[in-house]
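Per-entry structural report
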Amino acid sequence: NGYACAAKSGVNVKLICDLDDSDGLDVSYEWYKSMSIGGESLSKTGTKINDCTTKECILNNVKWEKDSSDHHSVFYQCIVTVKDYSEGHSPVFYSNAFPLLVQSYTPSSGTVSTSKRSIDIGTSEVQLPCEIPASNPPSQVVWYYASSASTNRSELMGDMNDMFVVTGTLKATEAKYGYSKGMLVVMKFKAGNVGVYTCAARNKNSFGDLTESEISQITLESSGQSVTGSDEFRIVSYRTKPDFLFVETDETHLECQGASYIAGVTAHVYWQRQELQDGNLVYKNLTGSGFKYLNQNRTLSLDYSIDNWNKLYRCQIQKGAYTLLQNGFKQSPILPKTGMIPTALTCSVRGQQHTLTANKLLNSDPAIASVQVLPGSQYFWQHEAQSVSKFTPGYEVTDNLLRHTTSSNAKCHYAQQFKYISNVYAVQQIHGINILEEKVTEVPKIQIKKSGGSGDEPIKIECEASVSYSDALKNKIGLNVVFDLGGCIEYTDAKVELTSGKGTCDTTVTRTLTLNKKIMCKDCVVKCVAMTDCKSSEEASMTISGEGSNCEGKTGTTTGDDDGLPGWGIALIVLAVILGLIGIAAIFFYTYMQKAETEAAAQKGTESGAITTTTISKDNERSEIVKVITMSDENEESPADIL
């Protein structure tokens, strides 16, 4: 889902496009790379990797180079084509575009340059440059100060009243100003600024390796002369950090660095935010919680709880009759620490207008961990592997909606939606469209029953889904049972067996859960629901008493009726693609992921959910075709292992 992978410079990296074509499908693989992502797949905007023609792409001796496109620290995308599937139609599937971050750092040669300068007291600015070595990720500049060569030095922090380090994006770029990144600027030089200044480069890569090397040492002395420095308003640089926010802990810092006038001492900094008022965009002073001011107000810290969707900030520096405004500060994107992107269930009737509504990926509520919060993101759609937009005849397109008339005769009918932001992050959703001859009105039914449990005998819970269709719909709609075990907190240890979650095109399907009651010390609430491609049933539930023989008298209760979302509200969905021919129809089949079955196990870090693509054979049994990310009840690879 767009998260980056990291590798150290010089190693070999294997990229895997995990698709299983063991059923004899004629499948081709293509790999592409690009320095950035945008409104098309990388097959149109990037470069084809000619050496990669299978599901595995090997990158040997990966490298990163500054100001060069000839390196491996770029975006990659896999494109899979099922050739000549039926009647000349070849479905094309696109993976997410994700960046490989090659970590590269070369320490300095070990020789520290030294110099000595004599400065007049009162000088407006004293500029101390520091040449930062090229590295990925970029190294941070650290300045140390000591009153003399024989005294202990201390690290200069960002809240010094009379100096700052030039970081981020330079605004005063003219040569006459002389600023450069990493430079320490001492303002209104005074006797207390005399001393030894040492510059070092500090680098921490994605693997936690921390390296620091000294670059230069500059001794500042007083010339014994005094001058009256000129006052000039100027914004030297600004920055927004970090590049991404993770919603549980971090903050964004917007920094407004002014030269000559010293924030908090000889000048004042104010922050405002652009808002819509009576139809007009206006800047208003910041109110409410979530804002903090640091570094004599030169730094504005934004808590993740602040709603910054499309908001613009500005800083204002004032002294006496002089005022300087700096516009254009924006908060960084907010991403969840965890989360999957669910796909969509949809059915349509051929020849009628159909609307695909995508799961909303733009949400200002960071408390919803399973939703991507992407301020400023953009999107594009593809329908049957062809790009469509609001300018494409016959389509109505917005960021979360695609409306068209289902006239395609293709048996593998689908659309894909992509989102991207700042050339850094991409997500996608795949929407299968089950095109039928008539509208589906039938809602499936679910029954739950229990057996066994005498003495120490295991308990079996059976959920049966059933549905009835007209003759025109028979064998064209998938049916499945999905469990929600969020109310069974001891499920991981108590589970003996859970039958396969593969669906069927029959009108009934049964799944059985077997639990070892001996170790169940707390009540267990089991829920299940029946789902088809088009509709789902009401949930059925059953409570199993937690009085196991191995509990030593320790009992407790849980409840299946809480105030939070039910399991189905946050359940992850399994995408299932029907690629076989049944009579005259081959269709997409979707079922929801067994999110709740793994919810309790996730507390122990032993299980996770599944995204699986399946096919229907002639006897109406499903067999796996595609594993996008493998997640099951067994000990299989984790998403991190696959990446």
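For the structure, check the block above.
A brief report on the enclosed structure follows. What you see is a predicted model, and the numbers here were worked out from it, not measured in a lab. Residue indices begin from 1 for each chain and proceed along its sequence in written order. Reporting of local features is limited, given that this is a predicted model, to residues whose pLDDT is at least 70; pairs of side-chain atoms are given and counted only at 80 or more, and all residues count toward the totals for whole chains, interfaces and linings. Excluded from the side-chain calculations are hydrogens and water; all other atoms, namely the structure's heavy atoms, are used.

1. Structural notes on empty space enclosed by the protein
Which parts of space are left empty comes out when a probe the size of a water molecule is rolled across the atoms. Any residue with an atom within 4 Å of a point lines the site, the site being either a cavity, points on a 1 Å grid over the protein atoms alone where a 1.4 Å probe fits but cannot get out, or a pocket, an open set with protein on both sides within 12 Å along at least 5 of 7 lines. Grid points are joined across faces, edges and corners, and a volume is the space filled by probe spheres set on the points. Applying the stated criterion across every chain, the model contains one cavity of 30 Å³ or more. One number sums up the size of the largest cavity: a volume of about 100 Å³. What lines the largest cavity is a set of 14 residues, and nearest its centre among them are Glu40, Ala97, Phe380, Phe418 and Ala426. Note that Gly is not counted as nonpolar here; it falls among the polar residues with everything else outside the nonpolar set of Ala, Val, Leu, Ile, Met, Phe, Trp, Tyr, Cys and Pro and the charged set of Asp, Glu, Lys and Arg. Of the residues contributing to the lining of the largest cavity, the split by class is seven nonpolar, five polar and two charged.

2. Observations regarding the environment of glutamate 437
To qualify as a helix, a DSSP run of H or I must reach at least 4 residues; to qualify as a strand, a run of E must reach at least 2; elements of each kind are numbered from the N terminus. One can find glutamate 437 in the loop between strand S37 (434-436) and strand S38 (445-452). In contact with glutamate 437, other than residues within four places in its own chain, are Val349, Arg350 and Lys476. Note on contacts: a residue pair qualifies if any of its non-hydrogen atoms lie within 4.5 Å across the two residues.

3. Thoughts on the sheet that holds strand S19 (residues 235-241)
If DSSP finds at least two bridges between two strands, the strands pair. Strand order in the open sheet made by the five strands is S15-S19-S21-S25-S24, with antiparallel pairing throughout. The sheet terminates laterally at strand S15 (169-170) and strand S24 (291-294), the two strands that pair on one side only. Where S19 lies against strand S21 (residues 251-258), six bridges are found, and the strand directions are antiparallel. Residue pairing across strands places tyrosine 238 opposite cysteine 256, the latter belonging to S21.

4. Regarding unusual backbone geometry
Omega for the peptide link from asparagine 136 to proline 137 comes to 0 degrees, which places this bond in the cis form. Positive phi, close to 65 degrees, is recorded for asparagine 475, a residue that is not glycine. Take asparagine 475: it is sitting in the loop between strand S39 (459-466) and strand S40 (479-487).

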